[in-house]
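Structure assessment
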Protein chains: 2
Amino acid sequence: MKRVSFSDQRCSLAQALEVIGEWWTLLIIREAYFGTRRFSDFQSRLGIARNVLSDRLDRLVENGLLQREPASPGAKRVHYRLTDKGRNLVTVVVALVQWGDRWVSGPENAPIRMVDRATGAEIGDVQVRSQDGRPLAFHDIGLQPGPGADQAIHERFQETVTNDGAVRWRIRRHMAE
Amino acid sequence: MKRVSFSDQRCSLAQALEVIGEWWTLLIIREAYFGTRRFSDFQSRLGIARNVLSDRLDRLVENGLLQREPASPGAKRVHYRLTDKGRNLVTVVVALVQWGDRWVSGPENAPIRMVDRATGAEIGDVQVRSQDGRPLAFHDIGLQPGPGADQAIHERFQETVTNDGAVRWRIRRHMAE
DNA sequence: CGGTATCCCATTTGATACTG
DNA sequence: CAGTATCAAATGGGATACCG
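Residues numbered from 1 in each chain as written. Chains lettered and ligands numbered in written order. Predicted model: local features only at pLDDT ≥ 70, side-chain atom pairs only at ≥ 80, totals over all residues. Heavy atoms only, no water.

For the pair chain A and chain B, the relating rotation is 180°, the translation along its axis is 0.0 Å, and the fit reaches an RMSD of 0.1 Å. As the rotation angle and translation indicate, the two copies are arranged about a two-fold axis. Rotation axis and chain A: the residue whose C-alpha lies nearest the axis is V92 of chain A, separated from it by 2.9 Å. Most of the interface of chain A is mirrored in chain B, where 100% of its interface residues again form contacts. (Least-squares fit on C-alpha atoms with pLDDT ≥ 70 in both. Contact = heavy atoms within 4.5 Å.)

Laid out in structure tokens, this is it:
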């Protein structure tokens, strides 16, 4: 059966997965970070089937993560280059690589080191932070209904106002109540 | 045909995708962040088929992102709770949500706000940073062969030593040379 | 409630052959 | 080189029925 489209889910996570959730997509993006631009280089380095690659590249261009440009001025041959939208995914990729290094492969097996160009030192761990830069641990992050929250989302939250007028949101653990 | 297993790819990104690359997996993790613990709550909130959910939960437990525990002491009913390994993915999820908010949905449509519990202010953008906390833009990040680099990886880099003895790595754009 | 077992279809994927 | 076209196999996913 057709998988439910995530696009009707409001969550940005689902929306993002709609774009990059395909198996190969992030690996293609990663290859692009490496500077790979040509069809055949993507193909041989990733070991991906040509038709699948073709399809994924099309979709990535369509979605604005990659752009096609003439390999040399006037040539019909094209290169695939990252757009800002694609480049902006670097946080996700780095976070994912670091997670994989830490919990799956083990840091000692990391095939790639990512360094700060300016100093040559390894980059830091990607972290969630407050706007003023304090690292936030899992439990420091609170959830609230956002500007685009629909009925279903609102139903999952319970709003309470404390004595001093501050507003708190609590997440309902179970719907039935 | 059988899809190539990413596990034989050295890259931690591929390894991570092996664990969480499945369509539903990250959404289940997100639900767990919301505090969802029961099978039926996952099911009804995500709208996922029961057998698929069953399979994904099994795999998540197998891979150590979730753990099963008795719903109440002595009960046979179980809850699914995040492990540290699962919780640690929060960076990835937040980065992905923020990317989706920014590039796909538009921030004004964000159904969920993530705030710093201590202040109630929105959390900051997840960023790649140097170890001493400077934000690193895409081009500030350099790549080098890591401790687990194999022959194939090494071949993609060219090592050069500058006059003053510093070592630089350059990525070969094309293999043939 | 919390699953498991079956069944079946849609999609993805890889291999191969072909084209400009 | 840079794809497109076609095809078969594997898998993912949904629906439904069943069970303790």
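So that's the structure; there's more coming.
Among the 5 residues in strand β3 (residues 112-116) of chain B, 4 count as buried, and that is most of the element. Judged from the 5 bridges that link them, strand β4 (residues 141-145) of chain A and β3 of chain B form a sheet pairing that is antiparallel. Each residue of the ladder has a partner; that of I141 of chain A, found in β3 of chain B, is D116 of chain B. (Buried < 20%, exposed > 50% of the residue type's maximum accessible area, 1.4 Å probe, protein only. Helix = DSSP H or I, 4+ residues; strand = E, 2+ residues; numbered from the N terminus. Pairing = 2+ DSSP bridges.)

Attention shifts here to the pattern of salt bridges. Throughout the structure, instances matching the rule amount to 22 salt bridges over all chains. With a shortest N-O distance of 3.4 Å, E31 of chain A and R30 of chain A are connected by a salt bridge. For the pair formed by E31 of chain A and R30 of chain A, the shared burial category is buried. For D116 of chain B, the salt bridge identified is with R134 of chain A, shortest N-O distance 2.7 Å. Of this pair, D116 of chain B sits in strand β3 while R134 of chain A sits in the loop between β3 (112-116) and β4, which puts the two residues in different chains. D116 of chain B gets classed as buried once you look at its relative accessible area, which sits at 2%. Of the residues examined, R134 of chain A reaches a relative accessible area of 33% and is grouped as partly exposed. (Salt bridge = Lys/Arg side-chain N within 4 Å of Asp/Glu carboxyl O.)

Moving on, we get to the interface of chain A and chain B. The interface is formed by 96 residues belonging to chain A together with 96 residues belonging to chain B. Between chain A and chain B, roughly 9,300 Å² of surface is buried when both sides are summed, and carbon and sulfur atoms account for 63% of that area. At the surface where chain A touches chain B, the tally comes to 4 salt bridges. The interface formed by chain A and chain B holds 34 residue pairs in polar contact (both at pLDDT 80 or more) in total. Looking at the side of chain A that touches chain B, the element that brings in the most residues is helix α6 (residues 90-105) of chain A, giving 15 residues. For the side of chain A that touches chain B, a count of residues per class yields 49 nonpolar, 22 polar and 25 charged. (Buried area = accessible area lost by both parts, 1.4 Å probe. Polar contact = N/O pair within 3.5 Å; in protein donor to acceptor, adjacent residues only side chain to side chain. Nonpolar A, V, L, I, M, F, W, Y, C, P; charged D, E, K, R; others polar.)

Here chain A is described as being made up of domain 1 (12-87), domain 2 (90-136) and domain 3 (142-171). A C-alpha centroid distance of 32 Å is found between domain 2 of chain A and domain 3 of chain A. (Domains from an automatic or database assignment.)

For the rest of this paragraph, the subject is helix α3 (residues 39-46) of chain B. All names here are of chain B. All of the buried residues along α3 are D41, F42, R45 and L46. Along the long axis of α3, the arc covered by the buried residues comes to 105°, so they all point the same way. Of the surrounding secondary structure, the elements contacted by the buried residues of α3 are α2 (25-33), α4 (50-62) and β2 (78-82). (Arc of directions from axis to C-beta.)

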